[in-house]
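# Residue-level structural notes
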Amino acid sequence: MTNSSILLDMKWDNLKSAEPFITALPHLHHINWADKKQKQTDLDTVKYALVWKPEPGLLARCPNLEVIFSVGAGVDHIFRDPELPDLPIVRFVDPNLTGPMVEWVVLQVLFHIRQQRQYGAMQQKKEWRELPQPPATRFRIGIMGFGELGQASAKALLPLGFQICGWSQSPKQVDGVTSFHGAGQLDEFLGQSDILVSLLPLTEQTRGVLNASLIDRLARDGPFGAAILINAGRGGSQVEEDIAKALNDGRLHGASLDVFETEPLPQSSPLWGVENLVITPHAAAISDPDALATHVANQIRRYDSGQSLEHLVDRTRGY
Ligand code: NDP
Ligand code: OXD
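Overview of the structure. (Residues numbered from 1 in each chain as written. Chains lettered and ligands numbered in written order. Predicted model: local features only at pLDDT ≥ 70, side-chain atom pairs only at ≥ 80, totals over all residues. Heavy atoms only, no water.)

As a further point, take the overall build of the protein chain. Secondary structure assignment for the protein chain yields nine helices and twelve strands. Whereas a compact globule of 319 residues would reach a radius of gyration of roughly 20 Å, the protein chain reaches 21 Å, a difference of no more than 12%. Seen through its principal axes, the protein chain has C-alpha atoms that stretch 65 × 45 × 35 Å. Pairs at least 24 residues apart make up 61% of the contacts formed inside the protein chain by residues separated by at least 6 positions. (Helix = DSSP H or I, 4+ residues; strand = E, 2+ residues; numbered from the N terminus. Rg over C-alpha atoms; globule rule 2.2 N^0.38 Å. Contact = heavy atoms within 4.5 Å.)

Structural data, given as structure tokens:
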């Protein structure tokens, strides 16, 4: 037993949420910030912190902190802390997170192209009628944010016959996918996207990019004559007013949003009432506590034995 601690300031409020971490990291003392009784604990022993949306200034109160772990793949919530110490940040990259995101993306794509919302409405009316059924091979999917999650989604969609493009900062080589990169190639990428899937991290560059101007540059010559927008990246990348307007006036054929400018999505949001929009509550890929504990324990084992940490965030890029 050492005197070192791990500070847990996670998204789960219940005290049981610390259990997988106690099991996976028995040599560390655990300070669970969800436990009000621990708020007075001296933070001098904290060597590691696992955080989702850390209280601003909390990490700066740990003078011996060495590594920050993100509860999720995204880290924008960590960068919100104005006193964030300049330390390595490890994000969560794991098949247990990638798999559910791939499921969500494939589900949304198929839901829209197979017109499931219309069939659902017809079922309510006991209406028996076939709708036109363009095959997957006729749809071009553009995946904006072509990293871990974007590339895994492409690999699941390709065998279904879709034509796939990816857009990222740097060029990519993925079999069967056309790669676009940088602002200079954005228009060409958008012009051949009948379905746009955004899996972008939220940074200063990606804030508000899913706006009216982008929507107007999406393909209009696809099977439905207007594009479908799917976003599970971050709500800060979307302009909800523009998306609602485009869905209502037909510039977008449909949309699926898992993330929102404000979460939970306020009751007053007009998005709730938009007919051709699927809303899920930031649940496309929820971090599994057991898998997260194993990932953190693996990285701590590497760090303590002098090996390099994996899945490090590049602080200058912000993701
Ligand atoms: P990665 O870092 O692996 O991928 C991010 C991709 O975005 C990279 O391809 C990167 O380009 C690209 N990118 C970033 N900024 C720009 C830019 N300005 N212009 C063009 N491309 C850009 O992240 P993940 O795939 O693991 O995760 C992506 C995001 O998904 C997370 O940041 C998080 O916000 C979100 N997420 C949402 C979840 C949910 O449940 N809704 C669950 C998990 C994650 P390059 O490769 O060249 O660096
Ligand atoms: C994540 C998320 O970033 O769940 O992992 O949003």
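Moving on to unusual backbone geometry. Omega for the peptide link from E263 to P264 comes to -5°, which places this bond in the cis form. Positionally, P264 belongs in the loop between strand 11 (252–257) and strand 12 (277–279). Phi is positive for K126, close to 55°, though the residue is something other than glycine. As for its placement among the helices and strands, K126 is situated in the loop between helix 4 (116–124) and strand 6 (140–144). Relative accessible area serves as the criterion here: at 80%, K126 is assigned to the exposed category. Positioned with a positive phi, H311 is a non-glycine residue whose angle comes to about 60°. Within the fold, H311 resides in the segment after helix 9 (289–304). Residue H311 is classed as partly exposed on the basis of its relative accessible area of 30%. (Buried < 20%, exposed > 50% of the residue type's maximum accessible area, 1.4 Å probe, protein only.)

Next up on the list: the environment of P264. On the accessibility criterion, P264 (72% relative accessible area) is exposed. For the pair P264 and I243, spaced 21 residues apart in sequence, the C-alpha separation works out to 18 Å.

The environment of ligand 2 is made up of W52, G72, A73, G74, R234, H282 and A285. At a separation of 2.8 Å, an oxygen atom of ligand 2 approaches a polar backbone atom of G74. Taking R234, its side chain carries an N or O atom lying 2.7 Å from an oxygen atom of ligand 2. Burial of ligand 2 by the protein chains amounts to 91% of its free accessible area of 210 Å². Its residues assigned to classes, the shell around ligand 2 comprises three nonpolar, three polar and one charged. (Near = heavy atom within 4 Å. Polar contact = N/O pair within 3.5 Å; in protein donor to acceptor, adjacent residues only side chain to side chain. Areas by Shrake-Rupley, 256 points an atom, 1.4 Å probe, with all protein chains shown as cover. Nonpolar A, V, L, I, M, F, W, Y, C, P; charged D, E, K, R; others polar.)

Before going further, it helps to spend a moment on the site of ligand 1. Surveying the vicinity of ligand 1 reveals 29 residues, the closest of which are R91, S170, K172, D258 and Y319. Between ligand 1 and R91 there is a distance of 2.9 Å, counted from an oxygen atom to a side-chain nitrogen or oxygen. One of the backbone nitrogen or oxygen atoms of F146 is found 3.0 Å away from an oxygen atom of ligand 1. Protein contact buries 93% of the 950 Å² of open area that ligand 1 shows by itself.

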